[in-house]
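Structural description and commentary
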Amino acid sequence: MGQVAWKALFLSLFDYKTEKYVIAKNKKVGVLYRVVQLSILAYLVGWVFVVKKGYQDTDTSLQSSVITKLKGVAFTNTSELGERIWDVADYVIPPQQGESVFFVMTNLIVTPNQRQAMCPEVGRTEPLDPQTPAKPGIRTDRGYFWSNKERKDERQSANIPDALCAKDTDCLEGEAVVAGNGVKTGRCLKDKGSTRGTCEILAWCPVEKRSKPKKPLLGSAENFTVYIKNSIRFPKFKFSKMNVLATDNESYLKTCRYSQEHPYCPIFVLGNIVRWAGGNFQEMASEGGVIGIQIEWNCDLDKAPSECNPHYSFSRLDNKSAETSISSGYNFRFAKYYRDAEGVDYRTLIKAYGIRFDVMVNGKAGKFNIIPTIINISSGLALMGAGAFFCDLVLLYLIKKSNFYRGKKYEEVKSSSRKSLSSPTLNGNQSPEQLGEL
Amino acid sequence: MGQVAWKALFLSLFDYKTEKYVIAKNKKVGVLYRVVQLSILAYLVGWVFVVKKGYQDTDTSLQSSVITKLKGVAFTNTSELGERIWDVADYVIPPQQGESVFFVMTNLIVTPNQRQAMCPEVGRTEPLDPQTPAKPGIRTDRGYFWSNKERKDERQSANIPDALCAKDTDCLEGEAVVAGNGVKTGRCLKDKGSTRGTCEILAWCPVEKRSKPKKPLLGSAENFTVYIKNSIRFPKFKFSKMNVLATDNESYLKTCRYSQEHPYCPIFVLGNIVRWAGGNFQEMASEGGVIGIQIEWNCDLDKAPSECNPHYSFSRLDNKSAETSISSGYNFRFAKYYRDAEGVDYRTLIKAYGIRFDVMVNGKAGKFNIIPTIINISSGLALMGAGAFFCDLVLLYLIKKSNFYRGKKYEEVKSSSRKSLSSPTLNGNQSPEQLGEL
Amino acid sequence: MGQVAWKALFLSLFDYKTEKYVIAKNKKVGVLYRVVQLSILAYLVGWVFVVKKGYQDTDTSLQSSVITKLKGVAFTNTSELGERIWDVADYVIPPQQGESVFFVMTNLIVTPNQRQAMCPEVGRTEPLDPQTPAKPGIRTDRGYFWSNKERKDERQSANIPDALCAKDTDCLEGEAVVAGNGVKTGRCLKDKGSTRGTCEILAWCPVEKRSKPKKPLLGSAENFTVYIKNSIRFPKFKFSKMNVLATDNESYLKTCRYSQEHPYCPIFVLGNIVRWAGGNFQEMASEGGVIGIQIEWNCDLDKAPSECNPHYSFSRLDNKSAETSISSGYNFRFAKYYRDAEGVDYRTLIKAYGIRFDVMVNGKAGKFNIIPTIINISSGLALMGAGAFFCDLVLLYLIKKSNFYRGKKYEEVKSSSRKSLSSPTLNGNQSPEQLGEL
């Protein structure tokens, strides 16, 4: 018997087995099923294939290299600086724009001629700074044109709580001032007659004034231009391209400016970038900020390479929450070090406010490939199965004659001692055997 | 006939066709199948939907911008430097922390007043350095408090194999010293009576001493704090957030420190970061190292935005393998350039040891979406199919009455000249026709 | 009745329902089906499992930290500079190689002793530069050994269109020169007798010459070596490794150079990197460029950790399109600031040409996991369904006896007032009832 079974099994290997179907002449469910099928088909074709390009193999691991180059000259004429020119080497920090980030200094607080010395933590710096040379590079006394905000700043800075003192013992020697500029020397400096003073500290003296010019010093940076060169490569498809038009018209690349009209010009005006990012340049210039320049490459490599073009978008990355001053703007400090004739170091401390531009490149390329096509189709068919399953439920349990259909769909078989008979289930059908027994 | 077929085909378009099932009253297999179904269901619901949130569309392409700001002052009092203050502008290199990396210098070897000149490749630098000014910015002669390790270093450096020589011809003129500081001039400098010496080189002289202070000069950097501002955006869902609490209590943000108790405070103490990363600050401070600060955003946007919070984790990125000195620690060299009265450049070379902090932001957001839901469900149904397939095998080939069921499941049809008859297969059923012939 | 139905439903819960199949003894379709099945099986096993390792859970979110360190000394002996040594601190800008990018300066245009002053926008700078000290750090007058290309450059620069003028009114005072170095003072400087001249500008004077040495000044950078230390971590699998062999043979790591023979040596010769990237070092050195160093980690964590090794590849990221000079090469400007005895700032402007190396680390690790295994298998089974669907179409509509099989496959059921009878459809079978009526 087992042997027969195996024989049958082998023979049946090349028989084609196909499910037996019951045709339920029930238009309601029939239509329902067709609707389900059609909607699945629509989803598969319309969404998966047309919209999502499900027939394509995609490469999202983009190799990108960004080179940026700024152009522009700013002219400032302030009472302290006199006439001064700022060029690229002055306002781009650090000079190299590797890693697709560049920073443009638009406002600054300069504290010249700082030396290691002792001075009060806050205020009253001038008297303590005799050796400021006759022609100081830059002076920071801007008291007379402060905005209200800055006055607030000043008041804030004026009381670094930890630096206030009434007597020397309040200034524990050697202790660093919290959020301050140095370590306490142990002396409490007071104005005549006043009861409260500030601790003397060992630090780079004079300490920095906490007020910055209201209107950005380099506001004219709004007109600077940046040339962004971005070459990308999709390793999987060995496809590389560049955001610079392969045009022989060189003068175009020298003179054009990116805009709606010139979507493929790689030269941008800083002011426009900020505006497109929804910011106000003058405002950002004075407080500092971070702007993201997204370059998106969405390439359908089944089309011509010329169809694969970058799409630029701009957004402000530091969501300026003006209310919490602690988390608004962008600035950092750096110093230029000099050495005088006696070999003593002194420095010019610069607190630079400005706009940092992060160029982020991302993208994906698609190319026809059989594997994803098959997978999507088969997943679609699996969906069809789901649809059928759903319609079965309706047919077998929800409609009026459901149990009749149930009987038809499910053929009950029982194995008994006598050679098996297939007794039809609930639907009062008679079996051939029964007929035979008449 | 063909026409009839087509007609039937068309008519049958709106018939509902459903597989015919054979009910095998075999509880064993029945239960088995239910178990399989339930486990698949459990997997689908429990794992795919609850754990993996399979009903959500996810966005992993996070836009992030990081701004870091260090605070802290270090006070050093060494025999060479005297009392000196180090502030942010001194120990943060480069000053800007763009691209979410910042480096804190914690230890350094200073070689002041280097000039383009000729000097021996190794050792004995002082005598050759007459023009060190009276008050040298910093001097590096720390011979008297070297650790053993440094003595070893010193010995190592003492014999740059390529710089050793017995006679002038060993120092090929114009040849660069391998792993050295300059090019050979062709002269071999020897101490009196000694047979072996070192080549003279053209270089920035004096060359750097290879010994660094055992205990980190800026060990107090352990108490420095860094304020990390990270604002993110999930473009697909147009959702942006910031790691800084939107609190109006500003003083909290000024005074808080990140810890288990304050998981949403954006201010970190360097010492803690290193400790959490499993490092020893003082040790790292002297050797240098790299610490990774991971900020993870896992947001379920079906919940309230306030539920979407960053999670910080810290790890040491340069796995310090102390045994191979070549691959431990982190340091680099830079120079400050000065020009003396005669317009000759000289420089102060600084080999900076310190800790580099890489802030890495990643995350993903999920939001309910119908597409992935459907796909996951249908893939689950496909699994059901797999289960049924498996149970069929059991029913048809493994259990005792398998071939009976096989007979029931598979209805054999043969087409013959006479109008086709469906002769039931192995189970000796009689066909209606046969009955009719009685 | 409904109650009966529910009872039956409950009873049938533990019956095993299996599709009823029709065995079509049609070898053609049978073989076709087997072929389809086998090919799907082959695809599933061969491609999905063996090639794509579909049984593995993969982690592509690699944590990586790169530390690079350059070694090498360059010796230049030019008529202007005399003998000069360039070491790491001189040619690596910025000094720190954070973020896995490093730049090696290979060529430069130096404009020494620039001061804020007035000078013509183009050419004729010397006469206007009296205060150049006796021993100028570096001079850039290289007119006598220009290549043709540079002559072209020079001519280009010679006519910044916006700086040309015939009379003073052509130089609008305070207007910045487009693509120039300063703002116009309102005077037009002309050589005697010539009708055309150039506007005078307020700028850092003298302005930079636009000509650079034909042969790279630091061409010997070709022999410099860079030590790249890359430690990675796959967080999902808690697996970390380093590209530096865990060898105790330290001297090997000091002396080896990466090559086909030494694939795991972490020290690279710059010249080789450029050559492997398909570039010409001397050419790139003079124009500048960007090289990508990809480090690929493809780890099968089911194997031994020692099998998980990095694979290096090199490519040129700035696709040099020599024709458009605007988009070729890589350079940037920076300045060294000095202060003279009177406290006046002056600077040395350096336009640095060089090679930027971007180290990009990516990789993925795979480890056996049950979930993806199941998913892949079930998707394969879904494919089987697709195959069967396709064969059905053949059987039912394409072969000769198709409509016979259609009749067998589809059992039509109609529910009527009298107890339902299953009238076989197209195949002229007689139904039991009909027999009964004899």
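Residues numbered from 1 in each chain as written. Chains lettered and ligands numbered in written order. Predicted model: local features only at pLDDT ≥ 70, side-chain atom pairs only at ≥ 80, totals over all residues. Heavy atoms only, no water.

Turning to chain A, the UniProt record has this under Function (unreviewed entry): "Receptor for ATP that acts as a ligand-gated ion channel." Here chain A is described in UniProt, under the heading Subunit (unreviewed entry), as follows: "Functional P2XRs are organized as homomeric and heteromeric trimers. Homotrimer. Forms heterotrimer with P2RX1." (UniProt positions renumbered as here; feature names shortened; annotations may be inferred.)

Here we look at the packing of helix H8 (residues 370-398) of chain C against helix H9 (residues 402-409) of chain C
Residue and element names in this part refer to chain C. One can describe the packing of H8 onto H9 by two numbers: an axis separation of 6 Å at closest approach and a directional angle of 120°. Touching Asp392, Leu395, Leu396, Tyr397 and Leu398 of H8 are Ser402, Asn403, Tyr405, Arg406 and Lys409, all from H9. Here the residues of the contact of H8 with H9 are counted per class, giving five nonpolar, two polar and three charged. (Axes fitted to C-alpha atoms, helices over the stretch in contact; angles between N-to-C directions. Helix = DSSP H or I, 4+ residues; strand = E, 2+ residues; numbered from the N terminus. Contact = heavy atoms within 4.5 Å. Nonpolar A, V, L, I, M, F, W, Y, C, P; charged D, E, K, R; others polar.)

Quick word on the sheet that holds strand E1 (residues 16-19) of chain B
In spatial order, the strands read E1(B)-E2(A)-E18(C); together these three strands make up an open sheet with mixed pairing. On the outer flanks of this sheet lie E1 of chain B together with strand E18 (410-413) of chain C, each paired with one strand and no other. For this sheet, the mean inter-axis angle between neighbouring strands, taken without regard to orientation, is 30°. Strand direction decides the pairing type here: strand E2 (residues 21-24) of chain A and E1(B), joined by four bridges, are antiparallel. Bridge assignment links A:Ala24 to a residue of E1(B), and that residue is B:Tyr16. Sheet strands touched by helix H8 (residues 370-398) of chain A: E2 of chain A together with E1 of chain B. Its angle to E1(B), the strand with the most contacts, is close to 100°. Set on the sheet, H9(C) makes contact with E2 of chain A together with E18 of chain C; between it and E18(C) the angle comes to about 55°. (Pairing = 2+ DSSP bridges.)

Details of the interface of chain B and chain C
Each side of the interface is counted separately: chain B has 89 residues, and chain C has 71 residues. Taken together, the two surfaces of chain B and chain C that pack against each other cover about 7,200 Å², and 59% of this comes from carbon and sulfur. Run the count over chain B and chain C and you get four salt bridges. The residue B:Arg347 makes a salt bridge to C:Asp87 at a minimum N-O spacing of 2.5 Å. Grouping the constituent residues of the side of chain B that touches chain C by class yields 44 nonpolar, 21 polar and 24 charged. Here strand E18 (residues 410-413) of chain B runs beside strand E2 (residues 21-24) of chain C; their pairing, made up of four bridges, is parallel. The residue of E2(C) that forms the bridge with B:Glu412 is C:Ile23. (Buried area = accessible area lost by both parts, 1.4 Å probe. Salt bridge = Lys/Arg side-chain N within 4 Å of Asp/Glu carboxyl O.)

Re the state of the cysteines
Under the definition given, this model contains 15 disulfides over all chains. There is a disulfide in this structure between B:Cys119 and B:Cys205, and the S-S distance comes to 1.9 Å. Every disulfide takes its handedness from the sign of the S-S torsion; for B:Cys119 and B:Cys205 that torsion is -80°, giving left-handed. Here the residue B:Cys119 occupies a position in strand E7 (residues 101-120), and B:Cys205 occupies one in strand E10 (residues 197-205), the gap between them amounting to 86 residues. With relative accessibility at 4%, the residue B:Cys119 sits in the buried group. Residue pairing for C:Cys165: its cysteine sulfur links by disulfide to C:Cys188, the two sulfurs lying 1.9 Å apart. The sign of the 85° torsion about the S-S bond sets the C:Cys165-C:Cys188 disulfide as right-handed. With C:Cys165 in strand E8 (residues 164-165) and C:Cys188 in strand E9 (residues 183-189), this pair connects stretches of sequence that are 23 residues apart. Going through chain A in sequence order and numbering each bonded cysteine, the pairs you get are 1-6, 2-4, 3-5, 7-8, 9-10. (Disulfide = S-S within 2.5 Å. Buried < 20%, exposed > 50% of the residue type's maximum accessible area, 1.4 Å probe, protein only.)

Digging into the pattern of salt bridges
The full count for this structure, using the stated rule, is 45 salt bridges over all chains. Residues A:Arg115 and A:Asp340 are paired through a salt bridge, measuring 3.2 Å at the closest nitrogen-oxygen approach. Residue A:Arg115 is located in strand E7 (residues 101-120), and its partner A:Asp340 is located in the loop between strand E16 (331-339) and strand E17 (345-368); the two are separated by 225 residues in the primary sequence. Between B:Asp300 and B:Lys303 there is a salt bridge, and its shortest N-O distance comes to 4.0 Å. Each of A:Asp15, C:Lys25 and C:Lys27 takes part in a single network of salt bridges with overlapping partners.

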